[in-house]
Amino acid sequence: MQNKGFIRVFAVLLTLVCLFYISFSFVTRHYNNKAEEYANGDNLKYKQYIDSISTEKVYLGYYTFKQCREMEIGLGLDLKGGMNVTLQISVADVLKSLSNNNTDVNFNKALANATANQADNKDFLSAFVNEYKKLDPNIRLAAIFSTYQLKEKITPNATNDEVVAVLRNELNSAIDNSFNVLRTRIDRFGVVAPNIQRLEKDGRILVELPGVKEPERVRKLLQGSANLEFWETYNLNEFFNKLASANDLLARLENQSEDTVSDADSTVVVADSTEVTSDATTALKDSLAQKIKEMNKTDEQQSINAWKKQNPLFARLNPNVSPEGAIGNGPAVGIAHVNDTAAVNKYLAMRQVRELLPANIVFKWTVKPVDEKEQYFQLVALKATNGGRPPLEGDVITDAREDFDRMTNSAVVSMSMNAEGSKIWEQLTRENIGRCVAIVLDDQVYSFPVVNTEISGGNSQISGNFTPEEAKDLANVLKSGKMAASVKIVQEDIIGPSLGQEAIQSGIISFIFALVLLMIYMISMYGVVPGLVANLGLVLNLFFTMGILASFQAVLTLSGIAGLVLSLGIAVDANVLIYERAKEELRLGKNLKNAISDGYKNAFSAIFDSNLTSLITGVILFFFGTGPIKGFATTLMIGIAMSFFTAVFLTRLIYERGLEKNWFKNLTFTTSLTKNWLTHPNFNFLGARKTGYIICAVLIVVGVVSLSLKGLSKGIDFSGGRNYVVRFQEPVNTQEIANLLKPNFEGSSLSVITIGGENQVRISTNYRIAENDDAIDQEIETKLYEGLSTMLGGKTQEQFKADNIMSIQKVGPSIAEDITTGAIWAVIFSLIAIALYILLRFRDISFSAGTLISLAFDTTVIISFYSLFYGLLPFSMEIDQSFIAAILTVIGYSVNDKVVVFDRVREVSGLYPKRDKFLVINEALNSTLARTISTSFSTAIVLLCIFILGGDTIRSFTFAMLLGVVVGTFSSLFVAVPVAYEIMGRKQKKAQLAEASK
């Protein structure tokens, strides 16, 4: 083997990289265990411990615990529980905003038509323009969009193409702004390892929140409109004496019994405490500075506690007062630990405290912490208008961008406003020269720069010692208020943590069983040494795949585990090919060294082609899939690449090293069980092809009849609707539950199936799925509770929701249409791509046609089987995204068989070009039969493990693949190769006739 040195170096470097990235998972596991030990079951203590070490450097003296958690292999929603949401930003709203809410009838009708057909179009803007042209072929978009807001970008004489180019940039900017707002909100929500990404379709954003237990709060958080505001501010020295009085008042209130404090007493206290003289304020400042110094002395804990009791507000909110007693001249009131912010808010919201402070003062926290450990936040004092609102809101912003000030050599932000905003901004800056104006988004302060001069014209520059990243973030915040675009949830999955824990256990068990059985199988088929070498390759394949996944900061899902296990099956296929070829070489009388060398060499092309076709399927899955399907495809593609590297290169290095050191002697790649197994098969496959054709025809006819009469059981991925997995204490009857619920869901579809056990069912309904009102979710839960109340043992609705509803899935009709379209194209593209590859690789249309027809047969039979047997087998047989992933995986797997046989046909034809094709093809089928059966059997073992032990969430998926292994093996022997032979024969006859006619 050439390039041994490069392979060794690459293997060592890959090992080190994988070790590095996998190590983060062990670090976080170590500290999570410490936190659990400390908390002893108390969730609050656990969170406090994790928060306390979040910014501590815990690994290699460089990585904080927070960074380690971001770098570890995360668990997906199906393994951890949580929430998966697909959001749709209303692109139509953005276009309306850009047109300044133009009232043109055709314009608004075109928007409505494009919205109605949005499911069919990834590019909303093009769809809108096409709809507009249908209504008015002579449209001039500039007449609609040449507004004051876009006057510098769209002139009245601009062409339609120029306008579309500007609108596309504006739409992308609006979606980016919404994306940034959502990301900030999610970061504030405190979810570990959230995933938020823009999808290919216009305005679609995917949000995954592992571990979330408050779906209602998340819905409000994600669907709320961005609220950008500009506020005037108070300076601390203008109200510090009143804040000090509030601190004193709180001390008196906390020291008195709640039962004895009357409103009259409180009023007296307020009156007394407002009369704070200048001398008293100075004394308080001096006392405060002295006490702050004393707090640093650990041996005076008693005095510290006493001071905290006397100063409840200032004990939690460290005011912006210097040790010398100087009060800060700015809106920053002070800083507080993140755990104390709620207490400070509560104090400042008390009626007695509000009566002390200025009536129009508003307090808000900064969005970013002020310390490196991200533990402390600033409180900022804002000044409201008479209506309690800010003087200016973000909808006046027309543009914002990060910039660079050459005078100060620092990053700044430049922004522009519309005419209305410019007037208010001019007045606001004129009245606040020398003071700060705060920029607030979603009730958090992003910046409070000082106004240096009056700003007219609406163009201004914001400075504040920003880093380039901070300037970019602030520009994005300002742009987020630029356009009003509603956001709605079009797909939603909620998985309870208990269901997630079951998924973890079932996934791990299925994985371990599959790995162990594969190892036993390899040893029993090929002997101890070859089996151990192949098993070492499997372990290395697993290690490298997990390391690469970790380096991508990928999230491991149950479907990802399925992809991992399937990639191990593909790795076994490569070893089987090599070992079978090595056995053939040994039978020809070659010595062990040459037999192994030629085995690797002769198997290479078949391994390469079969792996590449599976990779093509993985790419198509990744491109067209969403959520779990992408996870499966990612894991599968990485696993295929690593299985190729380990099986073809690393195991060969082991054999060559072992032969050099004379470690390996008398290897036969057989055992007593397999010594004479299929040594010289001589089946007449082509002779039986007509029988095969008849069987195929019968299966197709039965399938078509079933599809015509019975159809398919469409999952909500394709129909739209909601799924509720509900668990009961005792086994239940699905028909009984359906009868109980039907009166509550009259007029809509309702299905109930058992899933995961006799005491657990999945209830599916499309009740009011086309409506977007959040109250519908609550209404359905109420209907479920009322219908099932007799089976709940007197539980309240809240208890039913918390204890019995294990997961919720929602798919809107628009995204269901998208998924259907994507699934159809995925299957078609997969078939075409593989057929084209076979044509390019083998340069023979007969091979390509045989492959395409056999793969179409595989797909049809599997779909027909799901039509014929849904409702009869004891697990879900719905057609959903996972089923399509299984179909595509079967296509990729099934083509492996075809490639191996065609590769052998090509090899034999090259050696004996004049030999009759009938004999050549039969010989190829017989010589690869051991490999075909061995690979199919080993893959079936893997899939059976997943099917039996892997849990209900992927049972239908693995059953489709298991069926695909059987059908794919049959089609290799009786469809693909016979069809190729028929086409070859016709080509040969045509050639002979042409030759005879000359």
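What counts as what
Residues numbered from 1 in each chain as written. Predicted model: local features only at pLDDT ≥ 70, side-chain atom pairs only at ≥ 80, totals over all residues. Heavy atoms only, no water. Axes fitted to C-alpha atoms, helices over the stretch in contact; angles between N-to-C directions. Helix = DSSP H or I, 4+ residues; strand = E, 2+ residues; numbered from the N terminus. Parallel < 35°, antiparallel > 145°, perpendicular 65-115°, else oblique. Left-handed = near helix turned anticlockwise from the far one by under 90°. Contact = heavy atoms within 4.5 Å. Nonpolar A, V, L, I, M, F, W, Y, C, P; charged D, E, K, R; others polar. Phe/Tyr/Trp six-rings, centres within 6.5 Å; stacked < 30°, edge-to-face > 60°. Lys NZ or Arg CZ within 6 Å of the ring centre and 35° of its normal. Pairing = 2+ DSSP bridges. Patch = residues over 30% accessible without salt bridge, like charges linked within 9 Å, V, L, I, M, F, W, Y side chains within 5 Å. Areas by Shrake-Rupley, 256 points an atom, 1.4 Å probe, with all protein chains shown as cover. Salt bridge = Lys/Arg side-chain N within 4 Å of Asp/Glu carboxyl O. Buried < 20%, exposed > 50% of the residue type's maximum accessible area, 1.4 Å probe, protein only.

**Q** Mind showing me how you'd approach the packing of helix α33 (residues 917-927) against helix α35 (residues 955-997) here?
**A** For any two helices packed against each other, the geometry comes down to the angle between their axes and how far apart the axes lie. It is the contact of α33 with α35, at a shortest axis distance of 11 Å, that shows an interaxial angle of 160°. If you check the angle between α33 and α35, you find them roughly antiparallel. As α33 runs across α35, the sense of the crossing is right-handed. Counting all contacts with α33, which are made through Lys917, Phe918, Ile921 and Leu925, the residues of α35 involved are Ser972, Leu973, Val977, Tyr981 and Met984. Classifying every residue of the contact of α33 with α35 gives seven nonpolar, one polar and one charged.

**Q** I tried to follow the packing of aromatic side chains on my own but got confused; where do I start?
**A** Geometry of an aromatic ring pair is reported as the spacing of the ring centres plus the angle between the planes. Under the counting rule described, the total for this entry stands at 47 aromatic pairs. Here phenylalanine 604 and phenylalanine 608 contribute two aromatic rings whose centre-to-centre distance is 6.1 Å and whose plane-to-plane angle is 20°, an arrangement assigned as stacked. Residue phenylalanine 604 and its partner phenylalanine 608 are both found in helix α23 (residues 592-624); the two are separated by four residues, about one turn of the helix. Across the ring face of tyrosine 234, the terminal group of lysine 383 is positioned such that the distance to the ring centre comes to 4.8 Å.

**Q** Just checking my understanding: could you explain the pairing of strand β11 (residues 376-383) for this structure?
**A** Put simply, side chains in a regular strand alternate between the two faces of the sheet. In this sheet, β11 lies alongside strand β7 (residues 228-233) in antiparallel orientation, the contact comprising two bridges. By the bridge assignment for β11, threonine 233 is matched with leucine 382. In this sheet, β11 lies alongside strand β9 (residues 332-337) in antiparallel orientation, the contact comprising five bridges. Bridging from a neighbouring strand, alanine 336 pairs with phenylalanine 377 of β11. Bridge count between strand β10 (residues 361-365) and β11: five bridges; the pairing is antiparallel. Looking at the pairing, lysine 364 lines up with valine 380 of β11.

**Q** Looking at this structure, I do not really get a nonpolar patch on the surface. What am I missing?
**A** A cluster of nonpolar residues, Ile508, Ile509, Ile512, Phe513, Val516, Leu517 and Ile520, forms a patch on the protein surface that exposes about 600 Å² of accessible area. Mapped onto the elements of the fold, isoleucine 512 is located in helix α20 (residues 497-526). Look at isoleucine 512 and you get partly exposed, because its relative accessible area is 46%.

**Q** Which parts of the structure should I look at to understand unusual backbone geometry?
**A** Negative phi is the rule for most residues except glycine; trans is the rule for most peptide bonds. A positive phi angle, near 60°, is found at leucine 60, a position not held by glycine. For leucine 60, a relative accessible area of 57% gives the class exposed. The residue asparagine 662 is not glycine, and still its phi comes out positive at about 65°. By the element assignment, asparagine 662 lies in the loop between α24 (628-660) and α25 (689-709).

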